[in-house]
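For reference, the chains in residue letters:
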Amino acid sequence: MRRSISSAAVCALGLSLALVPPPTAVAVDASHLKSATNAYVVILHAQPLATYDGHLAEFDATAPTDGRRFRAGSPAARAYGEHLTEGQQRVLAGLGHPEVLYSYTTAVDGFAARLSPGQVKQAHSMPRILSVERSGRSHLDSVRATASLPLTAIQQRIGVDSSPPLGHGVVVGVVDTGIWPENPSFAGVPTNAEAVRRAYPGFSGRCARGERWRRGLCNAKVIAAQYFVKGFGRENVAAADFTSPRDGSGHGSHTAGSVAGNAGVDVRIDGQHFGHISGAAPGAALSIYKACWTAPEPADDGCATADLVKAIDRAVSDGVDVISFSIGGSDTATRSLELAFKSAANAGVFIAGSAGDDGPGASTVAPHGPWVTTVAATTHRPFRGDVVLGNGRKLVGSMVSDHRVGPLPLVYAGDAAANGATVHEAALCDPGALDARTVDGAIVVCERGAFARVGKSSSVEQSGGSAMVLVNAAPGGTDADVHAVPTVQVGSADGRAIRSYIRRSTRPTASLHPVASGSIGRRLVADFSSRGPERSSTGDVLKPDVAAPGVGVVSAAAPASDGGRLWDLSSGTSMAAPQVAGIAADIMTAHPGWSPAAVKSALMTTALPVDASEGPLASGAGEVSLRRALDPGLVYDAPGRGWADVASISIGDLVAEQTVTRRVTNVSEKAETYTSHVHGLPGLGVSVNPPTLSLSPGQSRTFAVTFTARRSARYQRFVSGALTWAGSLGHRVTSPLVVRPSYARAPMEVHGSVADGGLTITARAGVTGTIGTSLVGPVPGHSRPILLHSGVFAEANPRRASGAWGRAYVLPPGIAALRLGVSSADGHDVDLYVYREGVLVGSAVTTARSEQLTLAEPAAGRYHVYVNAAAGSNPAHKVPATFTSWELPQNSRSTDFSAPRRLKVTGGRRFAVEVVWSHLAAEQKWFGRLDYQHSDAGTFITVK
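In this text the structure is predicted, and so the values were computed from the model without any measurement.

The rules we used
- Residues numbered from 1 in each chain as written.
- Predicted model: local features only at pLDDT ≥ 70, side-chain atom pairs only at ≥ 80, totals over all residues.
- Heavy atoms only, no water.
- Helix = DSSP H or I, 4+ residues; strand = E, 2+ residues; numbered from the N terminus.
- Rg over C-alpha atoms; globule rule 2.2 N^0.38 Å.
- Buried < 20%, exposed > 50% of the residue type's maximum accessible area, 1.4 Å probe, protein only.
- Disulfide = S-S within 2.5 Å.
- Pairing = 2+ DSSP bridges.
- Phe/Tyr/Trp six-rings, centres within 6.5 Å; stacked < 30°, edge-to-face > 60°.
- Lys NZ or Arg CZ within 6 Å of the ring centre and 35° of its normal.
- Axes fitted to C-alpha atoms, helices over the stretch in contact; angles between N-to-C directions.
- Parallel < 35°, antiparallel > 145°, perpendicular 65-115°, else oblique.
- Contact = heavy atoms within 4.5 Å.
- Nonpolar A, V, L, I, M, F, W, Y, C, P; charged D, E, K, R; others polar.
- Expected span 1.5 Å × (residues − 1).
- Polar contact = N/O pair within 3.5 Å; in protein donor to acceptor, adjacent residues only side chain to side chain.
- Arc of directions from axis to C-beta.
- Salt bridge = Lys/Arg side-chain N within 4 Å of Asp/Glu carboxyl O.

Draft legend 1. Layout of the overall build of the protein chain. When its secondary structure is counted, the protein chain shows 16 helices and 52 strands. Taken over the C-alpha trace, the protein chain has a radius of gyration of 30 Å; the compact-globule value for 944 residues is 30 Å, and the two agree within 12%. Dimensions along the principal axes, computed over C-alpha positions, put the protein chain at roughly 85 × 75 × 65 Å. Looking at the protein chain as a whole, 59% of its 944 residues are labelled buried.

In structure tokens form, the structure reads like this:
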């Protein structure tokens, strides 16, 4: 897939152009909800409180010094905070005093407000404003609910018997769906605000009141709890949820229990004993920030950007040490949220974020910056169940129940349809679709799909069935849910074998056997866990960073939404990220002076190997290990907030050769000599200079790693490896390496004149030998005059109105690019918007008289283009304009466009491509592209 071209790079060329990547679901259509359609997050340019360095003579610095919490109540913070608020008020006055939802001053300088389309347009042009983005919705990263590794086993590996308990003195902020405070995992002695201040100097969080929540519900474990709902809209919250910090879905309770639940809590789920569990940091305190809500329709559940930014802003203001953020996925691409995260990390807050549950496809990982430790989910599969057929064949699946069943009659649900039900409904074990006489006392074989897995076992139970075999509809992992009847879930191939046995047997029978597992199996990346490379980057930042168990994690639940259960098993990167947050808290207890970057480095360089064919793009550095991370030997810190220089090296576009520098610090108590070793990276030459490092305690050294692509390199593909510094005293400091060799690096766009008859494109070769080239197009632009009436454009609810002109496109597969442009004849400000299937995928919105936008290799589908003349002082003003479009098919060729088909090149050196044309009409504007063989580099060519 050809990489899309960033608008930032185009701006560097001085073009009024927006080049948009292939459309993805980066926006959530919530137009039918009452109050979410016109909420916007507006970020200003000023440094927020958490990072203000004192550069203004009249205000002292407010950024916390190393190892200290941010202090919102200090005189300097109050004075500078008032300065920021005054600046926001001036901007709001310039926008006509819109309704303000939140003011942000700590992690970002800005506000959330309800803006009309005209105010949005105005905000984009105001010099004090850095960004304006609509408050969309993010989802929660969980795949409910499967079983693999109870927290008790995790705690056996990291240890919970330390004194003081792990995490002692650390405050973890959990941004999620709230908490169920009565759960024993959150029990604590009663406390008050003054006692909290003494125990956690500098912490200023509070316990808010709300629905079924009183301040007395906070204690020595849950020391603060607040909620944020203005962005989501109180009127959009389901009746089953609570307008308070109380958890309405169980997700927040589960993550809070995973990160810092009390140690030694005895757990029984539906009568089955799961042992004693603990959070990863049982000695840490919890500060709850509820920013995610349940809506009447499940598809509308989620977390509004405005609320999430406020939760992060408040958490940093309160003085938390760690933030656990199990929200989002590849669609959580909001600049405001990442700016808030970056400020939080620079202020000393460690952030663990979930990688997302959109795997196993590539480039599905959440778009977190390097300041967030992004966590993938692993599985160890110790919860196993066997299906033994009457013919003796044994099939292995997943099973939570510890009850052996059978032998009993084995019935395929599709053969047991009740009167009025279809075979398909019965096969899926729809409620009421099974004939009770047929399935009574039997083991029922149900097909996966259509609705929740646990709902199928309830249907079997209601029809009199004794147990269930659940069959995957497609290849993939199996899950072991807490079911209404004993259940084994098997793969699709085993399901076919079971159905075949039933068809061929006169009296088919089976038995279910739970298999005890006393050991942890191979570490595997869960199928659902999102993979890298991160879509919006150039591939120079590795994501995910690390992995943690995320399949079948036992933790707290919310009884109101979980059938009265206090605990449950859940899976997802949502379950993995809190464990890393908790382990980070443990490290901060042991090493209170370490920065978030140092903690992240320790987690990465000591991680355990994960069995994943995708390598670091699936698992990052590997699965975290607290015991190893407490004594990493060396750490890659981030001097000067150089977050990209932490403990991994990723090069998304290696052309011939590239050198990367890193800096390490000896954090042990003894001098040690380290020797470098490089593993993996087939087809690349790698050298480390210097190859050895001798460091005294506290000493730092810089080294360089040079990567060289050889002839045998796997061009245009990521290859992985590792750099290990082996210490003379036994430390092993390992960093993942991910490199993508490229055949060529070329300019994104060049311009020529019809009269010139040609131009020269200069590129850089990544290989010695020959590079083939091919031309796509050119195609002429199709122009038409349009007449617009100036007015506002509702981006959240596009429609053809007096101020907008619209056109629909149905793009087939194989389009190299769709370019669109508009220009007003009288200098009036015009704007351009493009939607695919109702989702905004690109816009060109400035104060200029012309706009241009390009969709590189757009996905096939139905597109709508809108051209709008910005509202002026005279609403009746008619704006004459010209709209032009270029649709460039991938297979279009022209004899009027030519270039050498093959060129001899030398790796690392520049080469020139002469493109010539003839017989191009001078009155037309032409558009084409030069492709480089076997490379996803390409150069757009405009001729006019």
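Picking up after the structure, the text goes on.
Draft legend 2. Main features of the state of the cysteines. Overall, the coordinates contain three disulfides when judged by the stated rule. Paired through a disulfide, Cys 207 and Cys 218 show a sulfur-sulfur distance of 2.0 Å. Since a negative S-S torsion denotes a left-handed disulfide, the Cys 207-Cys 218 link at about 85 degrees is right-handed. Highlighted residues: Cys 207 in the loop between helix H5 (193–199) and strand E8 (222–227) and Cys 218 in the loop between H5 and E8, separated in sequence by 11 residues. Cys 218 gets classed as buried once you look at its relative accessible area, which sits at 7%. Across a sulfur-sulfur distance of 2.1 Å, Cys 292 and Cys 303 are joined as a disulfide pair. Its torsion about the S-S bond being 105 degrees, the disulfide of Cys 292 and Cys 303 is classed as right-handed. Of the two residues, Cys 292 sits in the loop between strand E11 (285–290) and strand E12 (303–304) while Cys 303 sits in strand E12, which places them 11 residues apart along the sequence. The pair Cys 292 / Cys 303 is uniform in exposure class, with both members buried. Ordinal numbering of bonded cysteines along the protein chain defines a disulfide pattern of 1-2, 3-4, 5-6.

Draft legend 3. Fine view of the sheet that holds strand E27 (residues 634–635). Taken in spatial order, the four strands line up as E27-E29-E33-E31 in an open sheet, and their pairing is antiparallel. Strands at the two margins of the open sheet, each flanked by one partner only, are E27 and strand E31 (684–689). Bridge count between strand E29 (residues 657–666) and strand E33 (residues 700–709): nine bridges; the pairing is antiparallel. Each residue of the ladder has a partner; that of Thr 661, found in E33, is Ala 704.

Draft legend 4. Inspection of the packing of aromatic side chains at higher detail. Enumeration over the complete set of coordinates arrives at 18 aromatic pairs. Ring plane angle 65 degrees and centroid distance 5.9 Å describe the contact between Phe 59 and Tyr 80, whose orientation is recorded as edge-to-face. One end of the pair, Phe 59, is in the loop between strand E2 (39–44) and helix H2 (75–94); the other, Tyr 80, is in helix H2, and 21 residues separate them in sequence. Judged by centre distance (4.4 Å) and plane angle (20 degrees), the rings of Tyr 715 and Tyr 743 are stacked. Taken together, the residues span a long stretch of sequence, with Tyr 715 in the loop between E33 and strand E34 (719–727) and Tyr 743 in the loop between strand E35 (732–741) and strand E36 (744–745) at a distance of 28 residues. Across the pair, Tyr 743 and Tyr 715 agree in class, each one buried. An aromatic cluster of three or more residues is present, and its members are Phe 793, Tyr 833, Tyr 835 and Tyr 866. Between Arg 246 and the ring centre of Trp 180, over which it is positioned, the NZ or CZ distance is 4.6 Å. Just above the ring of Phe 940 sits the side chain of Arg 819; from NZ or CZ to the centre is 5.9 Å.

Draft legend 5. Representation of the packing of helix H7 (residues 305–318) against helix H8 (residues 335–346). Where H7 meets H8, the closest approach of the two axes is 9 Å, and the angle between their N-to-C directions is 10 degrees. With respect to H8, the element H7 is oriented roughly parallel. Touching Thr 305, Leu 308, Val 309, Ile 312 and Val 316 of H7 are Ser 336, Leu 337, Ala 340, Phe 341 and Ala 344, all from H8. For the contact of H7 with H8, the residue count by class is eight nonpolar, two polar and no charged.

Draft legend 6. Molecular detail of helix H12 (residues 492–504). Spanning 13 residues, H12 covers 19 Å between terminal C-alpha atoms, matching the ideal 18 Å at 1.5 Å per step. Turning to H12, its buried residues number three or more, namely Ser 492, Gly 495, Ala 497, Ile 498, Arg 499, Ser 500, Tyr 501 and Ile 502.

Draft legend 7. Structural context of unusual backbone geometry. Here the amide bond leading from Gly 359 into Pro 360 is cis, since omega sits at 5 degrees, within 30 degrees of zero. With respect to the element layout, Pro 360 can be found in the loop between strand E14 (350–354) and strand E15 (373–379). Put simply, Gly 777 and Pro 778 share a cis peptide bond, and its omega is 10 degrees. Here Arg 212, not a glycine, exhibits a phi torsion of approximately 50 degrees, which is positive. One can find Arg 212 in the loop between H5 and E8. Phi at Glu 837 is positive, roughly 50 degrees, even though this residue is not glycine. By secondary structure assignment, the location of Glu 837 is in the loop between strand E43 (830–836) and strand E44 (839–844).

Draft legend 8. Region of the structure containing the sheet that holds strand E17 (residues 394–397). The sheet built from seven strands is open, its strands ordered E17-E16-E22-E18-E19-E20-E21 with mixed pairing. Where the open sheet ends on each side, the last strands, each with one partner, are E17 and strand E21 (487–490). Pairs of neighbouring strands in the sheet enclose a mean axial angle of 30 degrees, with direction left out of account. Looking at chain direction, strand E18 (residues 405–412) and strand E19 (residues 443–447) are connected through three bridges and run parallel. For Tyr 412, the partnering residue across the bridge sits in E19 and is Val 445.

Draft legend 9. View of the side chain of Asp 386. Its place among the elements puts Asp 386 in strand E16 (residues 384–389). A distance of 3.0 Å separates polar atoms of two side chains, one belonging to Asp 386 and the other to Arg 384. Not counting residues within four places of it along the chain, the set of residues in contact with Asp 386 comprises Lys 394, Leu 395, Val 396, Val 488, Ser 511, Leu 512, His 513 and Val 515.

Draft legend 10. Focus on the environment of Pro 900. With respect to the helices and strands, the residue Pro 900 is situated in the loop between strand E48 (897–898) and strand E49 (902–905). A relative accessible area of 30% places Pro 900 in the partly exposed class. For Pro 900 and Gly 827, which are 73 residues apart along the polypeptide, the C-alpha to C-alpha distance reads 41 Å. Those residues in contact with Pro 900 that lie beyond four places of it in its chain are Thr 773, Val 913 and Glu 914.

Draft legend 11. Fine view of the environment of Glu 461. Residue position: Glu 461 is located in helix H11 (residues 453–462). Take Glu 461: its relative accessible area is 44%, and that puts it in the partly exposed class. Residues Glu 461 and Ala 436, 25 residues apart in the sequence, show an inter-C-alpha distance of 9.8 Å. Once residues lying within four places of it in the same chain are set aside, the contact partners of Glu 461 are Ala 484 and Val 485.

Draft legend 12. Region of the structure containing H2. Taking 1.5 Å of rise per residue, the 20 residues of H2 would be expected to cover 28 Å, and the 29 Å separating its terminal C-alpha atoms lies within 8% of that figure. Looking only at H2, the buried set comprises Ala 77, Tyr 80, Gly 81, Leu 84, Gly 87, Gln 88, Val 91 and Leu 92. Buried residues in H2, looked at end-on, bunch into an arc of 140 degrees, giving them a common side. Turned more than 90 degrees away from the buried face of H2, the exposed residues are Pro 75 and Glu 82. Residues of H2 that are buried make contact with E2, strand E3 (99–104), strand E4 (110–114) and strand E5 (129–134). Once H2 finishes, Gly 96 follows within two positions and takes phi at roughly 85 degrees, a positive value.

Draft legend 13. Inspection of the pattern of salt bridges at higher detail. Counted by the stated rule, this structure contains 21 salt bridges. One salt bridge in this structure joins Asp 831 and Lys 121, with 2.6 Å as the shortest N-O distance. In this pair, Asp 831 sits in strand E43 while Lys 121 sits in helix H3 (residues 117–124), placing the two residues 710 residues apart along the sequence. Residue classification places Asp 831 among the buried residues on the basis of a relative accessible area of 1%. Between Glu 447 and Arg 499 there is a salt bridge, with its nearest N and O atoms 2.7 Å apart. Taken as a pair, Glu 447 in strand E19 and Arg 499 in helix H12 lie far apart in primary sequence, 52 residues in all.

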